[in-house]
Amino acid sequence: MSTADQAVSVSRYSSVTEDKSAGATYTPKLLADFVAKQIVKGVGKFSGKGTLRILDPAVGHGELLVSLLEQLPSQRALKFEVYGFETDLNALNIAAERLQNKFPLVSFHFESVSFLDFVLENYGIHDYGDLFGTSVPEAYDLIIANPPYVRTQILGAKQAKLLASQFGLSGRLDLYYAFILGMSRVLKPKGVAGLIVSNRFMTIKSGASIRQALFDRFNIRHAWDFGDTKLFEAAVLPAVLLVEGKNDHSDIRPAFSTIYETKNQENDEASNPIEALSKEGIIKINDGRRFHVQHGKLHTNDTPDGVWRVATEAVDSWLKKVDSYTWGTFRDIGKIRVGVKTCADKVFIRKDWENLSLEDRPELLKPLITHHIANRFKPRELAQKTEILYPHEIAQGRRRAVNLDNYPQSQAYLEKHRDTLEGRKYVIESGREWYEIWVPQDPGSWDQPKLVFRDIAEEPTFWIDLSGSVVNGDCYWLICEKIDQTDLLWLACAVGNSTFIEKFYDLSFNNKLYAGRRRFITQYVEKFPIPDPYSHLGQKIINLAKQVYDCSPSLEAEQLAEKLDALVWSALTGNKEG
C-alpha cells in the first residue's frame, strides 16, 4: 500500500476515532454553497459551449459537488465532466448514487483511489521542477475541495517525512498541504479552485512552506478566515481559499476577510456567519453570537511565507504608529523558551509527593510552575504545590542526565515506572537515557527572575517568577540575557498584560481558538513591542509594575493595573486610547 493510501484509506466516516485519523470532516451545506458561489463568481462568464472539467479530490458524500453543480449555469452546449477521488468505497458509492440521481445529464468519473497516488503515479515523485509545472495532462477547469486534515502526530513521523519529501515540503505538515500541492499540478492555468482548509497554516511557523507554495503554485484571489464560527461539528477552525492556476495575471493583491467571535456591541445583524461575511463591523447573528467581520487585503509582511493577516488603511496606519514608538521587542530581552515536556507526566509530575514516606520521596524534586497558578503580574498561591522529578543537571556548562546511582531514592522510584518510561521509544532511539524527560531546559536559568506566560488564554497572562521554579510545558518563559537589565522583565510584564497588546496581537497575528482564546507562542510574543525603558514614561511603567506585584492580590493592585494599562498605551501609541 502506498504512502498516500496509508494516510487516507481508513474509513473516513465510520467513527470519531477513525475520522480523526483519516482527517474526515463533513462539509456543512451552508459552507459548501458559499465555496461553490465563490468559484462560479471567480470564473465569470462561461463561453456557453465545450466541456467543463470539474474535480473533487476527496469526494466524501458529495456535498461540495452537489453545491457546485447547483450553482453552475445550465447551458445546452456546455457539458460537464466531473471527476472524483475517494478512498472510502462506502462513502464513494453514496456520493455516486446521490450525484447521478440528482444530475442525470452530467458525466461522472469516480475513482476509489487516493488523489495523492494519482498525482504521484502520473507526474513522478522526485522531479519537483516537472511535478509543479504548468503544462500538465488531465487538467481541470474547476476544483472544489475539502481535503482531509491529518497532522504529523496522527500521520506518524515516517509517513509525514515521506510525504514531505514527495511534495517538496519542509517542517511539520498536515495531509492537506500535500493535497493543495497536488491540486496545483492538475489545475489549468486559467482554472479556478475553491479550497476548504484549516486556518492553522496562516499563522503557525510550520505553515511557512505551504504559505510559500500557495504563492508559487497559484494566483490567490481571496482568502476567508472563518475562525471560531463553529461551522463544523468537529473542532476545526476553517478557512476558504479562492485561487486560480498560475498564469500571467498575478499582480493583483489577494483580498482577505476574517470573522471572529467578539463581546463588543453589534452595529448590524445577519442570520448566520456566512451572511455576516457580506457585512463589516460587529455583526450579531440569530443565535445571539456576535462576530467581528473585517475585509481588506492579504498582508504577509512582504514575504510569501510570512504570517497572514488582514490589512486595511486603519490597521496599517496604527501598526506603523506603534512601530515609531517601539524601542525594542521581547526578543531583545532574551530567548523565549518553552516549558519542559516529560511525555510521562503521571510519573514525573505529582501534587502528592508529600504523601510518600521520607525514605521513598525522590531527592530530585523541584517546584513546578503550571497554568494553574497563572495570574497577571504575580502568580496565584495554591495550597497544594506541584513538583517535578527533574533528572537533569548542568556539568561544565552543559546539560546532561544525572547519574541515578547518586540519587538512590529517585532511582528506586523511577525503576518502579521503568516499563512506562521505556515505552517512550523515541527517547531511547534518540540516544537518551530511559529516565530522561523529553524536552528538558537549562536548570541554571531557573534561579534568575523570569517572565512566565500561559500558552493559551483569552486574555494575555504574564507574571514574574522569583521562586526559581521549573516551568511546565503549558507555559513559556523568558529571562533577561543581561543580568543588570532585569527591569526589562517588569516592562515586558506590563506590556504583556495590557489591553494594548490584545489589540496588537489581533491586528498582527490573530491566531485565535474557540471562545476567543489566543495562542501566545514564541513566534508571536518575541515580536511584542516595548517602549524605551530609559525614558521617563518607561521608568514609570517599570516602577508601577513592581508596585502592582507587591500589593497583589488586592483592590489597590487592580486600580494600579488600570493606571499602568493607560501608561503602556501612551508609551507605545502616544495617547491613552491608541
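Refer to the structure above for everything that follows.
Residues numbered from 1 in each chain as written. Predicted model: local features only at pLDDT ≥ 70, side-chain atom pairs only at ≥ 80, totals over all residues. Heavy atoms only, no water.

A. Structural context of the sheet that holds strand E16 (residues 365-369). The sheet built from 4 strands is open, its strands ordered E15-E17-E16-E23 with mixed pairing. Looking along the sheet, the strands with just one partner apiece sit at the ends: strand E15 (349-350) and strand E23 (470-471). Direction of pairing for E16 relative to E23: parallel, over a ladder of 2 bridges. Across the sheet, the residue bridging to Leu-368 is Val-470, located in E23. (Pairing = 2+ DSSP bridges. Helix = DSSP H or I, 4+ residues; strand = E, 2+ residues; numbered from the N terminus.)

B. Representation of empty space enclosed by the protein within the structure. If you walk through the whole model with that rule in mind, you get 3 cavities of 30 Å³ or more. There is about 90 Å³ of room inside the largest cavity. Lining the largest cavity are 13 residues; nearest its centre among them are Thr-258, Arg-309, Val-310, Phe-509 and Asn-510. For the lining of the largest cavity, the secondary structure elements donating two or more residues are strand E8 (255-262), strand E12 (309-311) and helix H20 (499-508). (1 Å grid on protein atoms, 1.4 Å probe; cavity = no way out; pocket = protein on both sides within 12 Å on 5 of 7 lines; lining within 4 Å. Points joined across faces, edges and corners; volume = space filled by probe spheres on them.)

C. Geometry of the pairing of E8. Of all 8 residues making up E8, 7 are buried, and the element is well covered by its neighbours. Relative to E8, strand E6 (residues 218-225) is paired through 4 bridges, and the arrangement is parallel. Bridged to Trp-224 within E8 is Ser-257. (Buried < 20%, exposed > 50% of the residue type's maximum accessible area, 1.4 Å probe, protein only.)

D. Layout of the packing of aromatic side chains. For the coordinates displayed, the defined rule picks out 35 aromatic pairs. The interplanar angle of 40° and the centroid separation of 4.9 Å between the aromatic rings of Phe-85 and Phe-118 together place this pair among those described as tilted. Here Phe-118 lies in helix H6 (residues 115-123) and Phe-85 lies in strand E2 (residues 78-85), a separation of 33 residues in the sequence. There is no split in this pair, since Phe-85 and Phe-118 are both buried. Plain terms: the ring middles of Trp-434 and Tyr-435 are 5.4 Å apart, the flat faces sit at 85° to each other, and that makes the pair edge-to-face. Judged by its relative accessible area of 7%, Tyr-435 is buried. A cation over a ring is seen here: Arg-337 above Trp-477, with NZ or CZ 5.5 Å from the ring centre. Cation over ring: Arg-350 sits above Trp-353, and NZ or CZ is 5.0 Å from the ring centre. (Phe/Tyr/Trp six-rings, centres within 6.5 Å; stacked < 30°, edge-to-face > 60°. Lys NZ or Arg CZ within 6 Å of the ring centre and 35° of its normal.)

E. Summary view of the nonpolar core. In terms of nonpolar packing, the biggest core is built from 92 residues, with Leu-31, Leu-69, Phe-115, Phe-201 and Phe-226 touching the most fellow members. Looking at this core, the element that brings in the most residues is helix H10 (residues 175-186), giving 9 residues. The contacts of Phe-201, once residues within four sequence positions are left out, are Tyr-176, Tyr-177, Gly-207, Ile-210, Arg-211, Leu-214, Leu-241 and Trp-308. By size, the runner-up hydrophobic cluster in this structure holds 51 residues, among which are Leu-319, Ile-333, Leu-451 and Tyr-549. (Core = buried A, V, L, I, M, F, W, Y, C linked by side-chain atoms within 4.5 Å. Contact = heavy atoms within 4.5 Å.)

F. Summary view of the sheet that holds strand E14 (residues 336-338). With antiparallel pairing, the 4 strands of this open sheet are ordered in space as E14-E24-E20-E22. Of all strands in the sheet, those with a lone pairing partner are E14 and strand E22 (462-465), marking the two edges. Across the sheet, the mean angle from the axis of one strand to that of its neighbour is 30°, orientation sign disregarded. The sheet contact formed by E14 and strand E24 (residues 475-479) spans 3 bridges and is antiparallel. Across the sheet, residue Val-338 finds its bridge partner in E24, namely Tyr-476. Across the sheet, helix H19 (residues 487-496) touches strand E20 (450-454), E22 and E24, and the angle it forms with E22 is around 155°. (Axes fitted to C-alpha atoms, helices over the stretch in contact; angles between N-to-C directions.)

G. How the structure looks around the pattern of salt bridges. A full pass over the atoms with the stated rule returns 27 salt bridges. For Lys-29, the salt bridge goes to Glu-70, with nearest N and O atoms at 2.9 Å. On the criterion of sequence distance, the pair formed by Lys-29 in helix H3 (residues 29-43) and Glu-70 in helix H4 (residues 63-71) is long-range, its members being 41 residues apart. Here Asp-487 ties to Lys-546 by a salt bridge, and the two come within 2.8 Å at their closest N and O atoms. Placement of the pair is Asp-487 in helix H19 and Lys-546 in helix H22 (residues 536-551), with a sequence separation of 59 residues. Judged by its relative accessible area of 29%, Asp-487 falls in the partly exposed class. (Salt bridge = Lys/Arg side-chain N within 4 Å of Asp/Glu carboxyl O.)

H. Summary view of the packing of H10 against helix H11 (residues 208-217). The interhelical angle for the contact between H10 and H11, taken along N-to-C directions, is 10°, at an axis separation of 10 Å. Relative to H11, H10 is oriented roughly parallel. Each of Tyr-177, Ile-180, Leu-181 and Ser-184 in H10 lies in contact with H11, whose residues at this interface are Ile-210, Ala-213, Leu-214 and Arg-217. Residue classes in the contact of H10 with H11 are distributed as 6 nonpolar, 1 polar and 1 charged. (Parallel < 35°, antiparallel > 145°, perpendicular 65-115°, else oblique. Nonpolar A, V, L, I, M, F, W, Y, C, P; charged D, E, K, R; others polar.)

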